[in-house]
Amino acid sequence: MEHPEQVPQTDRATLAGLGESRLLEEVFAAYGGLPGGGVLVGPGDDTAYLRVPSGAVLATTDTVVRGRDWRDEWSTGEDVGVKVVTQNLADLAAMGGRGTGLLVTLVAPQDLPVDWVRDLLAGTAWAATRAGVPVVGGDLSSAGAQEVVVSVTALGELGEGVARPVLRSGARAGDVLAVSGPLGRSGAGLLLLRRGVAPGRDGQEAGLLDHHRRPTTDLEQGPVAARAGARSMIDVSDGLVRDADRVARASGVRVRLDPGPLDRLAGLLQPALAPADARAQVLAGGEEHELLATFPPRTGPPDGWTVLGQVVPSQADDEPPAGVWLEGRRLDPRTGGWDHFGG
Ligand SMILES: Nc1ncnc2c1ncn2[C@@H]1O[C@H](COP(=O)(O)OP(=O)(O)OP(=O)(O)O)[C@@H](O)[C@H]1O
Ligand SMILES: Cc1ncc(C[n+]2csc(CCOP(=O)(O)O)c2C)c(N)n1
Ligand SMILES: [Mg+2]
């Protein structure tokens, strides 16, 4: 028979000491108070059971891996939780949607400190609460030493007043290209961390590090853009050029960036970054999770968005015909931006 009070505190400090059942109790407690009117059955049974008022579901998933997507020297478990939830919700926002439920999976070694998992639960719960989305389930599994993987699946539906999802393929010649917020902050923060910069709590560098650790996208801007008539949309996860190139190719158009707004956005990263580094991060910095959308010229973007350029027809003699252009030259998406497999 087990006497929990006799188990030394240190034994409970790792996942092996705590055990799956007690960890699950903590998981349920962490996610228990979250909002979510449509949840008919929440965590604890074989599946969750959700109401689907609009009759159609948005579904996306995004996974982060220790060493690849975060480093423990740079990010806490709470940071990881905030970021992985935000990444998923930004994908829903980029369709013109909002979350209705999250599933959170943790794959971790037995010697992982329970406190790291408690931080992860706090971070995921914080980001879910901020967005008004319940965590409805997930999974736990074990991994080899050092391997920690957190995977989130997000379910959602189109925002109120949004009739259809905003796809990457909807950009049309004549559209205005705009972004919902600044660019390059997360990439700039990562660059500073790689350089070993240890900024004080205030100031520009601290803000960039914060945005790298916990992107603060205004997720409502997705439905706002959709209602404003956005014809195409994507969230900037792999860098402006790479993500704009995806829109251009899906739509069969050219995207022409204006240098002026790029310089202004790069200015926001200076003096923490030198001008050339700042420009590079605006063009290629990943994990920003601001929304990039195109709008018909007559309506233009909603208030607070920054116009970055225009959509123009693709030219038959260009190879490839669709892509991103700046000052008369095509920007190769492979030379900047994030690719998990290095391509
Ligand atoms: N293993 C897979 N099986 C099926 N579909 C996949 C798989 N991996 C990716 N996809 C699909 O490919 C598309 C692009 O995936 P990706 O992860 O690059 O999404 P993204 O929105 O561009 O990136 P991010 O998640 O960083 O915002 C998505 O529609 C995704 O569902
Ligand atoms: C340790 C460490 N190294 C590199 C990075 C940068 N990084 C990881 S994934 C990604 C793009 C988005 O991925 P996805 O498309 O899967 O959402 C970027 C820019 C990091 N955060 N931590
Ligand atoms: Mg995306």
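Predicted model only: the values in this text are computed from it and were never measured.

### Quick look at the UniProt feature "binding site: ATP" (unreviewed entry) in the chain
Logical step 1: Here the UniProt feature "binding site: ATP" (unreviewed entry) sits at G138, D139, R168 and S237. In sequence the annotated residues extend across 100 residues, and in space they extend as well, their farthest C-alpha pair lying 31.1 Å apart.
Logical step 2: Relative to the assigned elements, D139 resides in strand β5 (residues 135-142).
Logical step 3: When neighbours within four sequence positions are excluded, D139 is seen to be in contact with V104, T105 and L106.
Logical step 4: With respect to the helices, strands and loops of the structure, S237 is situated in the loop between β8 (232-235) and α8 (240-251).
Logical step 5: Among residues more than four places away in sequence, those in contact with S237 are D243, G286, E287 and H289.

### Let's talk about the site of ligand 1
Logical step 1: Neighbouring residues of ligand 1: D62, D91, R168, D235, S237 and R246.
Logical step 2: Residue R168 places a side-chain N or O atom 3.0 Å away from an oxygen atom belonging to ligand 1.
Logical step 3: Relative to its unbound accessible surface of 620 Å², ligand 1 loses 33% to contact with the protein.
Logical step 4: Partitioned by chemical class, the residues of the shell around ligand 1 number no nonpolar, one polar and five charged.

### Quick word on the sheet that holds β5
Logical step 1: Read from one edge of the open sheet, four strands run β3-β6-β4-β5, paired in mixed fashion. Looking at strand neighbours, the two that pair on one side only are β3 (58-65) and β5, the edges of this open sheet. Here the average twist between neighbouring strands, direction ignored, is 15 degrees.
Logical step 2: Here eight bridges tie β3 to strand β6 (residues 149-158), and the two strands are oriented antiparallel to one another. In the strand pairing of β6, V65 is matched with V149.
Logical step 3: Set on the sheet, helix α4 (residues 114-131) makes contact with β4 (97-108), β5 and β6; between it and β4 the angle comes to about 175 degrees.

### Overview of the site of ligand 2
Logical step 1: Not every one of the 16 residues close to ligand 2 is listed here, only the nearest: D69, D238, E287, W338 and H340.
Logical step 2: Separating a nitrogen atom of ligand 2 from a backbone N or O atom of D69 is a distance of 3.0 Å.
Logical step 3: The side chain of D238 places a nitrogen or oxygen atom 3.0 Å from an oxygen atom of ligand 2.
Logical step 4: Burial of ligand 2 by the protein chains amounts to 91% of its free accessible area of 530 Å².
Logical step 5: Of the residues contributing to the shell around ligand 2, the split by class is three nonpolar, five polar and eight charged.
Logical step 6: Two domains each put at least three residues into the shell around ligand 2: domain 1 (4-158) and domain 2 (168-335).

Rules used in this analysis
- Residues numbered from 1 in each chain as written.
- Chains lettered and ligands numbered in written order.
- Predicted model: local features only at pLDDT ≥ 70, side-chain atom pairs only at ≥ 80, totals over all residues.
- Heavy atoms only, no water.
- UniProt positions renumbered as here; feature names shortened; annotations may be inferred.
- Helix = DSSP H or I, 4+ residues; strand = E, 2+ residues; numbered from the N terminus.
- Contact = heavy atoms within 4.5 Å.
- Near = heavy atom within 4 Å.
- Polar contact = N/O pair within 3.5 Å; in protein donor to acceptor, adjacent residues only side chain to side chain.
- Areas by Shrake-Rupley, 256 points an atom, 1.4 Å probe, with all protein chains shown as cover.
- Nonpolar A, V, L, I, M, F, W, Y, C, P; charged D, E, K, R; others polar.
- Pairing = 2+ DSSP bridges.
- Axes fitted to C-alpha atoms, helices over the stretch in contact; angles between N-to-C directions.
- Domains from an automatic or database assignment.

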